[in-house]
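Below are the chains, spelled out letter by letter.
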Amino acid sequence: MSTTAESEGALETRGLEPVPDAERTGRTRELFPTWVAANISVLLLTMGAGLIVSNGLNFWQVLVVALVSPLLSYGLVGLISIAGKRGGSPGMTLSRAVFGQRGNLFPGALIWVARWGWETINAVTGAYAIITVLNICFDVESTTWLTVVTLVAFVTCTFLISGLGRKILHICSTWSTYAFGAFSVLVLIYLLAETDWSAVFDKPAGSTAMMVAGVGTIAAGGISWVPTGPDFTRYLPRTASDKPLVGHAIGGAGIVVVPMVLMGAVMAVSAPKLSTAADPVSFLGSLLPTWIAVPYLIMALIGMLLINSMSMYSAGFTAMTLGIKVPRAWAVSVNAVISLIFGYILMNVATSFMGSFISFLTLLAVAFSAWIGVFGVDMLRRRTYDGEALMDTGRTSAYWYKAGFAWQAMTAWALALVVGLLFTKVDWFSGPLAGSWIGRHGLGWLATIALSAVLYAVLPKTPLVEDTGAPGDKGDGELISA
């Protein structure tokens, strides 16, 4: 493993090993633009439109959904990211301490596969954005070959940015935050001037059930970032305050999610087809004047590049955690190739982009939630991680437990995952409990978190292994009875 200090260059060479205290020079305020960039996606406009058209909500109900969703989902992101500060390693590496060296392969593999879908959706959206700009500016029509070329271009740029590491991602996130914010203000001004506000505010209220379901849909995107949170806090000093980690996650996400969801809701009043458009990006281009649409789509394209770069950055760590023995930058290439293959299928074979997207988000939330409940409860009683035990994947590891498994964590995770799916309904799958109150309100993900947390809390405790060395040292693992 590389021990090169990150400060020696822009390219991050550190892998899964804990970051030494000497290299922990990050600042909590750097997290704000990180979580802003993680949400710069035009799909939020389409999802906001869906709350009006599909869920039947009015403007004020959409406002509540837009406020509550990032509070719940990115509140969890911030809380789980505290583990990165404590252990100095990526989230799925720290997860070895909870599930065991072998046991962690199961949730790790599921989360890695789930990232394929997330990266594919964003790659397709980015390719659509390129095609839309080409059509508006140069009257270029979309063809199969053009979709392939734009998809390859988007994924290649994503691979290059994510391969450079945390520093480059932070710089790009900071500048894109300013640029996207400026153009979002232009869109808001345009909507304020051109929207029939009487039609917006005269829309009757929808049901509470559809509001709750809407929260689940919007929050699902944030839930997908929870295991990633520690990846972006591992360079923070151990003494950094916990509150800013949570506050910047919620604030950074909320400052994007709330206005974009509301803008989508307003657009849907005059253009309800935005919520179901096969290509929501090109449809958006027809709603705005060219002088706003083109720069706004370019800024959104940059945002989606950053979203996918952040996801691939973490996916590289996850792949290494699963035993793929290559440098992180090369591990990223695995997800890049998969994004190309699935992206082509989604753009040229699938019949419903938004249907596939919503179905994927729903399943993604459940898949990640089972891990969140177990890992979160473990965090409540664990303050440090044994760096040497994290990196030792053999029988000598203090995190080997029984045959490489922490059966308490594995049991809670597996049972909660199955139960969560029973409450879930998507276009091509419906669990037997999907018609229950929890299922109708789209709360399968929340039930999954609650069940996994409760089960893990009540099962006999796995002995904790804490780092007893001096700060910055690997330390000798010490078993502590819980």
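Above this text sits the structure in question.
Read on for a plain summary of the structure. Computed from a prediction, not measured in an experiment: that's the story for all the values here.

1. A few points about the side chain of R24
With respect to the secondary-structure elements, R24 resides in the segment before α1 (31–37). R24 sits in the buried class, given a relative accessible area of 5%. At 2.6 Å, the side chain of R24 forms a polar contact with the backbone oxygen of K85. Once you skip the residues sitting within four places of it in the chain, R24 turns out to touch V19, G84, K85, R86, G87, G88, R234, Y235, L236, P237 and R238.

2. Observations concerning the nonpolar core
By size, the foremost hydrophobic cluster in this structure holds 132 residues, and its most contacted members are W35, W225, Y296, W371, F375 and Y385. With 17 residues, the single largest contributor to this core is helix α13 (residues 290–321). Those residues within four positions of Y385 in sequence are excluded, and the remaining contacts are A83, R86, G87, L94, A97, F375, D378, M379, L390, Y399, E466 and D467. By size, the runner-up hydrophobic cluster in this structure holds 5 residues, among which are W112, W116, A319 and I338.

3. Considering a nonpolar patch on the surface
Taken together, the side chains of V337, I341, F342, Y344 and I345 define a hydrophobic patch exposed on the protein surface, amounting to about 440 Å² of accessible area. Looking at the element boundaries, F342 is found in helix α14 (residues 328–348).

4. Details of the pattern of salt bridges
Once the charged atoms of two side chains with opposite charge are near each other, the side chains can pair. Per the stated rule, a full pass over the model turns up 4 salt bridges. Here D21 ties to R24 by a salt bridge, and the two come within 3.8 Å at their closest N and O atoms. Given a relative accessible area of 26%, D21 falls into the partly exposed group. One salt bridge connects R382 with D378, and the closest N-O pair in it is separated by 2.7 Å. The exposure classification of R382 matches that of D378, with both residues buried.

What counts, and where the lines are drawn
Residues numbered from 1 in each chain as written. Predicted model: local features only at pLDDT ≥ 70, side-chain atom pairs only at ≥ 80, totals over all residues. Heavy atoms only, no water. Helix = DSSP H or I, 4+ residues; strand = E, 2+ residues; numbered from the N terminus. Buried < 20%, exposed > 50% of the residue type's maximum accessible area, 1.4 Å probe, protein only. Polar contact = N/O pair within 3.5 Å; in protein donor to acceptor, adjacent residues only side chain to side chain. Contact = heavy atoms within 4.5 Å. Core = buried A, V, L, I, M, F, W, Y, C linked by side-chain atoms within 4.5 Å. Patch = residues over 30% accessible without salt bridge, like charges linked within 9 Å, V, L, I, M, F, W, Y side chains within 5 Å. Areas by Shrake-Rupley, 256 points an atom, 1.4 Å probe, with all protein chains shown as cover. Salt bridge = Lys/Arg side-chain N within 4 Å of Asp/Glu carboxyl O.

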